[in-house]
Amino acid sequence: MAGAGEDTGMDAVQRRLMFEDECILVDEQDNVVGHESKYNCHLMEKIESENLLHRAFSVFLFNSKYELLLQQRSATKVTFPLVWTNTCCSHPLYRESELIQENYLGVRNAAQRKLLDELGIPAEDVPVDQFTPLGRMLYKAPSDGKWGEHELDYLLFIVRDVKLLPNPDEVGDVKYVSREQLKELISRADAGEDGLKLSPWFRLVVDNFLMGWWDHVEKGTLNEAVDMETIHKLK
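Numbers given to residues run from 1 along each chain, matching the order in which its sequence is written. Local features in this predicted model are restricted to residues of pLDDT 70 or higher, and side-chain atom pairs are both shown and tallied only at a pLDDT of 80 or more, whereas totals for entire chains, interfaces and linings draw on every residue. Side-chain descriptors were evaluated using all non-hydrogen atoms of the structure, hydrogens and water having been removed beforehand.

The name an unreviewed UniProt entry gives the chain is isopentenyl-diphosphate Delta-isomerase, with Zizania palustris as the organism. UniProt positions are given in the numbering used here, feature names are shortened, and annotations may be inferred rather than shown by experiment. The Function (unreviewed entry) comment attached to the chain in UniProt states, word for word, "Catalyzes the 1,3-allylic rearrangement of the homoallylic substrate isopentenyl (IPP) to its highly electrophilic allylic isomer, dimethylallyl diphosphate (DMAPP)." For the record of the chain, the UniProt heading Sequence similarities (unreviewed entry) holds the text "Belongs to the IPP isomerase type 1 family."

Quick look at the structure:
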């Protein structure tokens with residue numbers, strides 16, 4: 001394993017998370033096969049040589065006006081700094097509370113934890129039973145050559161009005177967007193305006209699922225869109 005000393009430029013907070021957090025390793029059928037540091041799980045060398053695949057989640061939080069909360073990842077993030085993405089993207093950890101398979105409770109618990117860590121959203125604003133897991137996708141995405149992602153990602157939707165207090169170690173900026181505003185953001189990113197970039201996992205969800213699921217958000221019929229049997233392999 002590469003040593004911490006090899007990453008002297010890494011922010012202290014990110015260093016601690018990279019070496020202390022243990023991600024859940026899974027196979028392509030989402031069976032737990034072990035655990036590994038966040039550091040190793042995001043090294044492209046390890047991803048490619050050992051086919052390390054870890055469990056992740058992506059939260060899409062809508063307010064009562066059915067606007068989607070986006071975040072810009074902080075400049076100090078090791079992977080994909082300063083890119084815009086969905087509300088919260090992270091990993092359930094290899095701990096009892098986040099390994100619970102029943103009703104995907106482990107992933108829901110992790111989502112509630114990270115919404116507080118990253119965005120300062122109190123747990124009571126996002127009860128675990130209010131998350132709707134809509135689907136799972138498997139993807140691989142390099143970040144900068146050294147770092148990247150290889151994730152089996154749970155896509156969680158929730159409609160709540162929440163209090164926000166973003167953590168600057170994790171989040172550079174936040175904003176709520178309507179569908180039209182999101183389409184405009186995507187067009188600007190595609191045109192390379194102002195260096196605007198979207199995360200690869202967010203773009204996969206946008207291109208494959210989001211607008212159809214947004215219809216269900218507005219109609220209050222999210223349960224009709226649920227498909228937790230299929231694992232979508234996307235590129």
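So much for the structure itself; the text now carries on.
Salt bridge criterion: a side-chain nitrogen from Lys or Arg within 4 Å of a carboxyl oxygen from Asp or Glu. In this structure the tally under the stated criterion is 19 salt bridges. With a closest N to O distance of 3.4 Å, E48 and K140 form a salt bridge. Here E48 is found in helix α3 (residues 44-50), whereas its partner K140 is found in strand β7 (residues 132-142), with 92 residues between them in sequence. Accessibility expressed as a relative area gives 48% for E48, which makes it partly exposed. The helix and strand labels rest on DSSP assignments: H or I over at least four residues marks a helix, E over at least two residues marks a strand, and numbering proceeds from the N terminus. Accessibility here uses a 1.4 Å probe with only protein chains present; expressed as a share of the type maximum, an area under 20% marks a residue as buried, one over 50% as exposed, and anything in between as partly exposed.

Cross-referencing UniProt, the feature "domain: Nudix hydrolase" (unreviewed entry) maps to residues 52-204 in the present numbering. Taken end to end, residues 52-204 has its terminal C-alpha atoms 20 Å apart, with 21% of it in helix and 33% in strand.

Burial runs high along strand β8 (residues 148-159): 11 of the 12 residues are buried. Relative to β8, β7 is paired through 10 bridges, and the arrangement is antiparallel. By the bridge assignment, R136 is partnered in β8 with Y154. Connecting β7 to the antiparallel partner β8 that follows it, the hairpin turn spans five residues, and G145 within it adopts a positive phi of roughly 105°. The criterion for strand pairing is that DSSP finds at least two bridges linking the strands in question.

An expected span of 1.5 Å times one less than the residue number is assigned to each helix. For helix α6 (residues 200-219), spanning 20 residues, the distance from its first C-alpha to its last is 28 Å, which sits close to the expected 28 Å at 1.5 Å a residue. Within α6, burial applies to W201, F202, L204, V205, V206, F209, L210, W213, W214, H216 and V217. Just past α6, the residue G220 takes up positive phi, approximately 75°.

Counting residues in hydrophobic clusters, the biggest one holds 34 residues, and the most contacted among them are F60, L68, F157, L182, F202 and L210. Of all the secondary-structure elements, those providing two or more residues to this core are β3 (54-62), β4 (68-73), β7, β8, α5 (179-190) and α6. The element that contributes the greatest number of residues to this core is α6, accounting for 10 residues. Throughout, a contact is declared for two residues whenever any of their heavy atoms are within 4.5 Å. Those residues in contact with F202 that sit more than four places away from it in its chain are F60, L68, L70, W84, T85, N86, L182 and L210. Nonpolar cores were defined as sets of buried Ala, Val, Leu, Ile, Met, Phe, Trp, Tyr and Cys residues, with membership established by side-chain atoms within 4.5 Å. Membership of the second largest hydrophobic core comes to 25 residues, among which are V26, L119, I121 and L156.

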